[in-house]
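As a plain string of letters, each chain reads:
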Amino acid sequence: DELGQNGTYSSYLYTKKAVNIIEQHNRSEPLFLVLSTQNAHFPVNDPENPLAYEKSAIKENLESIDSPSREMYAKNMIMLDKMVEEVVETLKAEGMWDNTILMFTSDNGACPNTGGSNLPYRGIKNTLFEGGTRVPSFIASPMFSNDTRRSYDGLFHISDWLPTLLH
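This write-up is about the structure you can find in this document. It should be emphasised that the depicted structure is a prediction, and the values quoted were computed from it without experimental measurement.

Scoring rules and cut-offs
- Residues numbered from 1 in each chain as written.
- Predicted model: local features only at pLDDT ≥ 70, side-chain atom pairs only at ≥ 80, totals over all residues.
- Heavy atoms only, no water.
- Core = buried A, V, L, I, M, F, W, Y, C linked by side-chain atoms within 4.5 Å.
- Buried < 20%, exposed > 50% of the residue type's maximum accessible area, 1.4 Å probe, protein only.
- Helix = DSSP H or I, 4+ residues; strand = E, 2+ residues; numbered from the N terminus.
- Contact = heavy atoms within 4.5 Å.
- Axes fitted to C-alpha atoms, helices over the stretch in contact; angles between N-to-C directions.
- Parallel < 35°, antiparallel > 145°, perpendicular 65-115°, else oblique.
- Nonpolar A, V, L, I, M, F, W, Y, C, P; charged D, E, K, R; others polar.
- Salt bridge = Lys/Arg side-chain N within 4 Å of Asp/Glu carboxyl O.
- Expected span 1.5 Å × (residues − 1).

1. What to know about the nonpolar core
What tends to happen in soluble globular proteins is that the nonpolar side chains get buried as a cluster.
Phase 1 of the analysis: The biggest cluster of nonpolar side chains holds seven residues, and these are A18, I22, V87, V88, L91, M96 and W97.
Phase 2 of the analysis: At the level of secondary structure, the elements contributing two or more residues to this core comprise α1 (10–24) and α3 (68–93).
Phase 3 of the analysis: Here the element with the most residues in this core is α3; it accounts for three residues.
Phase 4 of the analysis: Setting aside residues no more than four positions away along its own chain, I22 makes contact with R27, L31, L33, V87, T90, L91, E94 and M96.

2. Let's talk about the packing of α1 against α3
Phase 1 of the analysis: Two numbers describe how α1 lies on α3: the axes approach to 9 Å, and their chain directions differ by 10°. By the angle between their axes, α1 is roughly parallel relative to α3. Residues S11, Y12, T15, A18, V19, I22 and E23 of α1 pack against M79, M83, E86, V87, T90 and L91 of α3.
Phase 2 of the analysis: For the contact of α1 with α3, the class distribution of residues is eight nonpolar, three polar and two charged.

3. Section: the pattern of salt bridges
Phase 1 of the analysis: What the rule picks out here adds up to four salt bridges.
Phase 2 of the analysis: One salt bridge connects K92 with E89, and the closest N-O pair in it is separated by 4.0 Å. Of this pair, K92 and E89 both sit in helix α3, separated by three residues, roughly a single helical turn.
Phase 3 of the analysis: For K92, a relative accessible area of 44% puts it in the partly exposed group.

4. Notes on α1
Phase 1 of the analysis: Taking 1.5 Å per residue as the helical rise, α1 with its 15 residues ought to reach 21 Å, and the 21 Å between its terminal C-alpha atoms agrees with that figure.
Phase 2 of the analysis: Those residues of α1 that are buried are in contact with α3.

As structure tokens, this is what we get:
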């Protein structure tokens, strides 16, 4: 392992790199940054690392889960939440948050046999049922005024991002 990172959970590496890019970025230039993680993708690994999340928060959130695969998936989602928080906090610390649009989405529905759930929809990843294609997404920015904030429960396709952001 020439980089000395063998065995390091990839999402930790990606988040560390994203934070580094933000911290080193020339503020006079726009920044386009994509951070793609595999937290919810098979194989779902145990992200045992005290820097990723507080054990007490994990314990509180996992007490009601009785499935080992579901618990592992939940740990990864908590870790993903912490990773997004770390990137947003870095943007704020570097004075870049006020001019940022954060888009969060997934590529497909969950795979229940690795701990994911698409309920109440039928179907899973690799199917055309809603459970395979419907995913939570959001766009957040301090630039959005209160009158532009809204929730949308209809169909939305990735090709809609550009006209939506331009609008």
